[in-house]
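Here is what each chain is made of, one letter per residue.
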Amino acid sequence: MRATRRMLPPGLPFIMRRLAVNLIPALVVSLASRLLRVLFDFQLPKLAVLLLEILSVPVVYISRIQLRKWRVRRAAAQMGAVLPPHWDGQRFGNVDLLNHFLERFQNGYLGEGFWDRIDELGHLHSVSLFWETFYVTTDANVVKTVLATEFSDYEKGVTHLRATLCVFNADGDLWKFHRQMTRPYFSRDRISHFELFDRHSELAIKKMKERFRGGHAVDFQDAISRFTLDSATEFLFGKCVHSLDSDLPYAYNDAVAPGHGARESSVAERFATAFAGAQHVVSIRSRTGWVWHLRELFKDDSAEHMRVVDAFLQPILEEAIAKNRAAKGQGAIEAKEGEEDEDETLLDHLVKITDDPVVLHDETLNILIAGRDTTAATLTYAVYLMSLYPEVFKRLRAEVLEKVGPTQMPTFEDIRGMKYLRAVINETLRLYPAVPFNVRVANRDTTLPNPDPNGPRVFIPERTAISYSVFLMHRRKDYWGPDALEFDPDRWLDERLNKYFTANPFIFVPFNAGPRICLGQQFAYNEMSFFLIRLLQNFSHIELDLSAQPPDARPPSEWASAEGQKGKEKIIPKCHLTLYVHGGLWVKMVEAEREV
Ligand code: HEM
């Protein structure tokens, strides 16, 4: 069984298609000159034909662009709408903007690049790269329209992303099929998840303690990513990759580090690296418009990463299918279908519905991508923020000890009653949403609300991508008040909650909204709450070890003068599809004294 898709590098067919289309004018010129000769015995000089052939390509190309512009202006006028303000560059094809976006993506603060001219051009404007226009927004009303109220007019639609990573980008019937297949599994809380979280969090905390006892710093991001990988693989497949069994890495400056660095990486580590690599490739693609095809003309940058990911997935899927077939053969499956099986994994649930290897591959990978790095990122940033704000750590720890106690295993009811814990998680998701940037594509000519409530609606042509930034929306002062850039969990508990969030819920969409809202939201809150409770039961103090931070992973000094969280950064926030800390989050923690 193989869930293999394309063999050709993704850039090649795309460029060949474009070439074929763009060479049509030259072919027409050549044909016309022949016809003139055959029908009218009129012979154009060869040099003139050649010149016409060459010139016809850019002339037709430019004419098509102008024609599209004219068509867009006319369609907008017919709908009584306007076009948004436009950001134009200085160079051919706006190559200067492309370079600026890529440079900011590599070296800038999150959100810099694409979003640099929001103050000037407004919260909905357009940019063109090589004559392809896309819209950029940080307006909650626009986001609400795209994700919820006019959901059917937009798709994820980014076929070049789909080329890599299964159906996370599926649309239409394929998306509906996958969602319907998976949703029942998330419909209720399963007790077994808590047992699973408990086993893996215990091991993660034990590993960290061993390191702290030796006086070493721990990369919390790495440790928590192992926790979420082990939890997710067990939850999905019933088979844990045991990434927590391998040694945690040492800091670059740790005396133990050199020998340690020489060890061979485990299957789980290779899987995790490949998984991150594939997502990085996709994020570069999404930032370079159609131009990424040129970069991948002869090589699919994601292929090697996906080979490693697939090598991990295939045997698990094969085994599950075989097990299901054997059970069916024995007539056991019918008896099980209607029953609520508390221990059933997601894969057990899926193989009852289909044994198509491609569908199973896509669905499980989809959920692994959706669920693993998002929760790891949120927990990493929660710990980062608690290190920066010890008073928050102290208050949360007091709630943990009061509501759960120093050693007891947390329950649903405990978590439900912990208001400050929920406030800390929400405030983390506000300032550092795990999916900070996202995109949709209009599937027909339509209009968007104007960010100016008195302005006319804004036209968006069919096939135009609209990038929206949850990250920047979550930091808007006009949405969250003058202290929007500050970390303050109390905003979820005091009068600010009704004033800002309850009055306009679309200003906070870390899990998206509308029909495609995150399926794992409740699972994620449970998992993150559970881990944080266990962490705070075990440690009474957390601090960053900035000396362990790799030198190239320290924030540039000019950030220090910035307002709010940017000015306080001790790490560099980065994102591919999901957020992470560049170079890891190196921390030290003090063990809590246990009352026996
Ligand atoms: C803090 C944790 C999480 C955050 C911030 C988060 C955020 C998101 C976001 C923003 C999307 C929408 C993506 C898009 O359509 O463009 C999404 C979709 C999704 N998430 Fe989550 N997620 C989290 C955890 C999880 C977990 C733990 C699971 C599963 C175990 C999960 C399963 C899914 C699935 C299946 C989808 C696709 C839904 C669809 O397309 O219909 N998520 N998530």
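Located above this text is the structure these notes cover.
Reading the values: the criteria
Residues numbered from 1 in each chain as written. Predicted model: local features only at pLDDT ≥ 70, side-chain atom pairs only at ≥ 80, totals over all residues. Heavy atoms only, no water. Helix = DSSP H or I, 4+ residues; strand = E, 2+ residues; numbered from the N terminus. Rg over C-alpha atoms; globule rule 2.2 N^0.38 Å. Buried < 20%, exposed > 50% of the residue type's maximum accessible area, 1.4 Å probe, protein only. Contact = heavy atoms within 4.5 Å. Areas by Shrake-Rupley, 256 points an atom, 1.4 Å probe, with all protein chains shown as cover. Lys, Arg positive; Asp, Glu negative; His and termini not counted. Charge placed at Lys NZ, Arg CZ, Asp CG, Glu CD. Near = heavy atom within 4 Å. Polar contact = N/O pair within 3.5 Å; in protein donor to acceptor, adjacent residues only side chain to side chain. Patch = residues over 30% accessible without salt bridge, like charges linked within 9 Å, V, L, I, M, F, W, Y side chains within 5 Å. Salt bridge = Lys/Arg side-chain N within 4 Å of Asp/Glu carboxyl O. Expected span 1.5 Å × (residues − 1). Bend = angle between axes of the 7 residues up to and from the residue. Axes fitted to C-alpha atoms, helices over the stretch in contact; angles between N-to-C directions. Parallel < 35°, antiparallel > 145°, perpendicular 65-115°, else oblique. Left-handed = near helix turned anticlockwise from the far one by under 90°. Nonpolar A, V, L, I, M, F, W, Y, C, P; charged D, E, K, R; others polar.

Caption draft 1: Just the overall build of the protein, in detail. Helices and strands together make up the secondary structure of the protein, namely 24 helices and 13 strands. Taken over C-alpha atoms, the radius of gyration comes to 27 Å for the protein, in line with the 25 Å a tight globule of 596 residues would show. If one aligns the C-alpha atoms of the protein with their principal axes, the spans along those axes are about 105 × 65 × 50 Å. For the protein, with 596 residues in total, the buried portion stands at 54%. For the protein, long-range pairs separated by at least 24 residues make up 77% of all intrachain contacts whose partners lie at least 6 apart in sequence. As displayed, the protein has an accessible area near 27400 Å², and 57% of this comes from carbon and sulfur atoms. Across the protein, the 73 positively charged side chains and the 77 negatively charged ones have centroids separated by 5 Å.

Caption draft 2: Seen up close, the environment of Pro449. Inspection of the secondary structure assignment puts Pro449 in the loop between β7 (446–448) and β8 (458–460). In this structure, the C-alpha to C-alpha distance between Pro449 and Ser63, residues 386 residues apart in sequence, is 31 Å. Dropping the residues within four chain positions of it, Pro449 is found in contact with Leu124, Asn141, Val142, Thr145, Arg457 and Val458.

Caption draft 3: Up close: the site of the ligand. As a matter of local geometry, the ligand sits amid 25 residues, with Trp175, Arg179, Asn438, Arg440 and Cys518 nearest to it. Arg440 places a polar side-chain atom, nitrogen or oxygen, 2.9 Å from an oxygen atom of the ligand. Note that an oxygen atom of the ligand is positioned 3.0 Å from one of the side-chain N or O atoms of Arg516. Mapped by element, the contributors of at least two residues to the shell around the ligand are α7 (172–186), α16 (357–388), β6 (437–442) and α23 (521–538). When residues of the shell around the ligand are assigned to their parent elements, the largest contribution, 6 residues, is made by α16.

Caption draft 4: Seen up close, a nonpolar patch on the surface. On the surface, a nonpolar cluster with roughly 740 Å² of combined accessible area is contributed by Leu31, Leu35, Leu36, Val38, Leu39, Phe40 and Phe42. Looking at the element boundaries, Val38 is found in helix α1 (residues 11–40).

Caption draft 5: A look at helix α2 (residues 46–78). Helix length check: α2, at 33 residues, gives a terminal C-alpha distance of 46 Å against a target of 48 Å (1.5 Å per residue), a fit within 8%. Within α2, the axis deviates most sharply at Ser56, by approximately 30°, and proline Pro58 lies no more than four positions further along. Directly beyond the C-terminal end of α2, a positive phi value near 65° is found at Gly80.

Caption draft 6: View of the pattern of salt bridges. Evaluation of the coordinates by the stated rule reveals 28 salt bridges. Between Arg457 and Glu150 there is a salt bridge, with its nearest N and O atoms 3.7 Å apart. Of this pair, Arg457 sits in the loop between β7 and β8 while Glu150 is found in the loop between α5 (140–149) and β4 (154–155), placing the two residues 307 residues apart along the sequence. When its relative accessible area of 34% is taken as the criterion, Arg457 is described as partly exposed. Salt-bridge contacts for Glu591 lead to Arg213; the nearest nitrogen and oxygen are separated by 2.7 Å.

Caption draft 7: Quick look at the packing of α7 against α16. Running from N to C, α7 and α16 cross one another at 55°; their axes reach a closest spacing of 11 Å. With respect to each other, α7 and α16 are oriented oblique. Relative to α16, α7 is oriented so that their crossing is right-handed. For the pair α7 and α16, contact is made by Phe177, His178, Met181, Thr182 and Phe186 and by Val359, Asp362, Glu363 and Ile367, respectively. Looking at the contact of α7 with α16 residue by residue, the classes come out as 5 nonpolar, 2 polar and 2 charged.

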